Amino acid sequence: MVEVHLYGKLRRHASDTRASGQSVVRLDPQPKETVRTALERAGIAPDEAYHVFLNGAILTTHNSMAPWLKYQQVQGAGLDTHLRDGDRLGLFARDMALLVV
């Protein structure tokens, strides 16, 4: 099972959209599943995900300060990174300010 945790405006893709709710989409991983294909299966356009975390580390972000802040980043192919059973994605919409140090 891959858990996709949604924040900000992306919550609308979850069954529980309340700010106090969990807003989690659970997907059974498909063979050769990537972050991109998982997003598409969840009905989320890849460009809606402004910050993407994989298992607690930043996979990709549109934050232009990320290189200077030396964010802990997952080494991979961005949204084309393969997922495994048990992985957890955290997706933040553009409306969610993000500062990770």
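Just above, that's the structure.
These remarks concern the structure in this document. Sequence order sets the numbering: in each chain, residues are counted from 1 along the sequence as written. Residues qualify for local features only when their pLDDT is at least 70, as the model is predicted, and side-chain atom pairs are given and counted only at 80 or more; totals for whole chains, interfaces and linings, by contrast, use all residues. Only hydrogens and water are set aside; all other atoms, that is, all heavy atoms of the structure, feed into the side-chain values.

## What to know about the pattern of salt bridges
Moving on, step 1. Throughout this description, the term salt bridge denotes a Lys or Arg side-chain nitrogen within 4 Å of a carboxyl oxygen of Asp or Glu. Under the criterion given, the structure shown has four salt bridges.
Moving on, step 2. Residue Glu 33 pairs with Arg 41 through a salt bridge whose shortest N-O separation is 2.7 Å.
Moving on, step 3. When accessible area is computed with a 1.4 Å probe and restricted to protein chains, residues below 20% of their type maximum are described as buried, those above 50% as exposed, and intermediate ones as partly exposed. What makes Glu 33 buried here is its relative accessible area of 3%.
Moving on, step 4. A salt bridge links Asp 80 to Arg 36, with the nearest nitrogen and oxygen atoms 3.0 Å apart. With Asp 80 in the loop between helix 2 (66-69) and strand 5 (88-92) and Arg 36 in helix 1 (residues 35-41), the pair connects residues that are 44 residues apart, well separated along the chain.
Moving on, step 5. Of the residues examined, Asp 80 reaches a relative accessible area of 39% and is grouped as partly exposed.
Moving on, step 6. What makes Arg 36 partly exposed here is its relative accessible area of 30%. Strands are runs of DSSP state E lasting at least 2 residues, helices are runs of H or I lasting at least 4, and numbering of each runs from the N terminus.

## Considering the side chain of Thr 61
Moving on, step 1. One can find Thr 61 in strand 4 (residues 57-61).
Moving on, step 2. Any N or O atom pair separated by 3.5 Å or less is treated as a polar contact, with the protein-specific requirement of one donor-capable and one acceptor-capable atom, and with residues adjacent in sequence counted only for side-chain atom pairs. A distance of 2.6 Å separates the side chain of Thr 61 from the side chain of His 51, its partner in a polar contact.

## Some points on the environment of Arg 41
Moving on, step 1. Within the element layout of this structure, Arg 41 appears in helix 1.
Moving on, step 2. Along the backbone, Arg 41 and Leu 27 are 14 residues apart, and their C-alpha atoms lie at a distance of 8.4 Å.
Moving on, step 3. What Arg 41 contacts, discounting residues up to four positions off in sequence, is Leu 27, Asp 28, Pro 29, Gln 30 and Glu 33. The contact criterion used throughout is that any non-hydrogen atoms of two residues lie within 4.5 Å.

## Description of the nonpolar core
Moving on, step 1. Only buried residues count toward a nonpolar core, which is a set of Ala, Val, Leu, Ile, Met, Phe, Trp, Tyr and Cys residues joined through side-chain atoms within 4.5 Å. Val 4, Leu 6, Val 35, Val 52 and Leu 91 are the most contacted members of the largest nonpolar core, which has 21 residues in total.
Moving on, step 2. Contributing elements (two or more residues each) for this core: strand 1 (2-7), strand 2 (24-27), helix 1, strand 3 (51-54) and strand 5.
Moving on, step 3. Those residues in contact with Val 4 that lie beyond four places of it in its chain are Ser 23, Val 24, Val 25, Leu 27, Leu 89 and Leu 91.

## Thoughts on unusual backbone geometry
Moving on, step 1. Positioned with a positive phi, Ser 23 is a non-glycine residue whose angle comes to about 45 degrees.
Moving on, step 2. As for its placement among the helices and strands, Ser 23 is situated in the loop between strand 1 and strand 2.
Moving on, step 3. A positive phi angle, close to 60 degrees, is found at Lys 32, a residue other than glycine.
Moving on, step 4. Along the chain, the position of Lys 32 falls in the loop between strand 2 and helix 1.

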